[in-house]
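Observations on the three-dimensional arrangement
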Amino acid sequence: MHEVELRQLRCLVAIVDEGTFTDAAIALGVSQAAVSRTLASLEQALGVRLLRRTSREVAPTGTGLRVVAHARRVLTEVDDLVRGATSGPARLRIGYAWSALGRHTLAFQRRWRERHPQTELHLVRVNSATAGLAEGACDLSVVRRPVDDRRFDSAIVGLEQRLCAMAADDPLVRRRSVRLADLSGRTLLVDRRTGTTSVELWPQESRPATEETHDVDDWLAAISTGRRIGVTAESTANQYARPGVVYRPVSDAEPIAVRLAWWRDGPHPAMQPVVELLVCLYRMG
């Protein structure tokens, strides 16, 4: 079987959409003979008949209908690929795992739009270790744990306080803040892939039990029942205010470093302006 080319798929879709070889040739900017040759080469490559041709109309065969449907999906994905690769600084996608920039999120979006109107900003939630950077879902990412992958560089843009999330009727809610020792006898919900909390925060002899989760909504739902607690960055409280869940500062826990990460080879052109703006916002905060 010969390789199928994109030009052949575009030709097939054009014939079906335009209804005739003549109109397809006009739409593609080629001769009618070229359309006929291209379709014939596609049918030969696939080894099937794709179109029925009569003196009045051109219509897909049963197999042709399935091939046209696949061709449309392939062409759409290719167009998206080209658009994403060539858009350059006209679009900026910033990924995050659980929470974006907390109370700075709205200010960041507004100031970015004011200062860089030519670069459209999108925030993308991806619950992975690099918040979508390794997966190609974003151009830069906000992470709250060190990036060990040598493919990426990162810079600390700010610090966030650690908060304990608990049910609204938890006895600890009466306090303005809690200490790590207050939580050692509880069951702690953790996300080992992207979370900022592990039992290493506690001394060996007083570490809490843990249970794993991978989604912030599941995390909040379990905490609201009173069966579990969580320790998280203050940005989570800003982004996920939830009835039945109360946040209190953990007074003796180290703050969490907020990092911006990017590909070491070929960082997005907006990387430096983003770092500078985020550092400014966190310092003002």
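Here, the structure is the one placed above.
Since we're looking at a predicted model, the values are computed, not measured.

Here we take up the overall build of the protein chain. A count of helices and strands for the protein chain gives 8 helices and 12 strands. Taking 19 Å as the expected radius of gyration for a compact globule of 285 residues, we find that the protein chain reaches 27 Å, considerably beyond that expectation. A buried classification covers 44% of the 285 residues belonging to the protein chain. The contacts of the protein chain with a sequence gap of at least 6 include a subset with a gap of at least 24, amounting to 70%. As displayed, the protein chain has an accessible area near 15300 Å², and 49% of this comes from carbon and sulfur atoms.

In spatial order, the strands read 4-3-5-12-6; together these 5 strands make up an open sheet with mixed pairing. At either margin of the open sheet sits one strand with a lone partner, and together these are strand 4 (120–125) and strand 6 (152–160). Strand-to-strand twist in this sheet, taken as the mean axis angle between neighbours without regard to direction, amounts to 25°. Sheet topology places strand 3 (residues 91–96) next to strand 4; 6 bridges connect them, and they run parallel. Bridging from a neighbouring strand, Arg93 pairs with His122 of strand 4.

For the rest of this paragraph, the subject is the pairing of strand 5 (residues 140–143). Where burial is concerned, the two faces of strand 5 agree: the one with Leu140 and Val142 and the one with Ser141 and Val143 are both buried. Of the strand pairs in this sheet, strand 3 and strand 5 are connected by 3 bridges, and their pairing is parallel. The residue bridging Gly95 from the neighbouring strand is Ser141, located in strand 5. Both strand 5 and strand 12 (residues 256–263) contribute to a ladder of 4 bridges, which runs antiparallel.

Now for the pattern of salt bridges. Under the definition given, this model contains 16 salt bridges. Between Asp139 and Arg93 there is a salt bridge whose closest N-O contact spans 3.2 Å. Of this pair, Asp139 sits in the loop between strand 4 and strand 5 while Arg93 sits in strand 3, and the two are 46 residues apart along the sequence.

Scanning the model with the defined rule gives 3 aromatic pairs in all. Ring plane angle 75° and centroid distance 5.2 Å describe the contact between Trp98 and Trp219, whose orientation is recorded as edge-to-face. With Trp98 in the loop between strand 3 and helix 5 (105–115) and Trp219 in helix 6 (residues 216–224), this pair connects stretches of sequence that are 121 residues apart. In this pair, the class of Trp98 matches that of Trp219, namely buried. Measuring from centroid to centroid gives 6.2 Å for Phe108 and Trp112, while their planes differ by 40°, and the two rings are tilted. With a gap of 4 residues between them, Phe108 and Trp112 both fall in helix 5, about one helical turn apart. Since its relative accessible area comes to 1%, Phe108 is described here as buried.

Take the sheet that holds strand 7 (residues 162–167) next. Ordered in space as 10-7-11, the 3 strands form an open sheet in which the pairing is antiparallel. Looking at strand neighbours, the two that pair on one side only are strand 10 (230–233) and strand 11 (245–249), the edges of this open sheet. Neighbour-to-neighbour, the strand axes of the sheet open up by a mean angle of 35°, direction not taken into account. Two strands pair when backbone bridges link them, and strand 7 and strand 11 are joined in this way by 5 bridges, in the antiparallel orientation. The partner of Met166 across the bridge, within strand 11, is Val246.

Thresholds applied
Residues numbered from 1 in each chain as written. Predicted model: local features only at pLDDT ≥ 70, side-chain atom pairs only at ≥ 80, totals over all residues. Heavy atoms only, no water. Helix = DSSP H or I, 4+ residues; strand = E, 2+ residues; numbered from the N terminus. Rg over C-alpha atoms; globule rule 2.2 N^0.38 Å. Buried < 20%, exposed > 50% of the residue type's maximum accessible area, 1.4 Å probe, protein only. Contact = heavy atoms within 4.5 Å. Areas by Shrake-Rupley, 256 points an atom, 1.4 Å probe, with all protein chains shown as cover. Pairing = 2+ DSSP bridges. Axes fitted to C-alpha atoms, helices over the stretch in contact; angles between N-to-C directions. Salt bridge = Lys/Arg side-chain N within 4 Å of Asp/Glu carboxyl O. Phe/Tyr/Trp six-rings, centres within 6.5 Å; stacked < 30°, edge-to-face > 60°.

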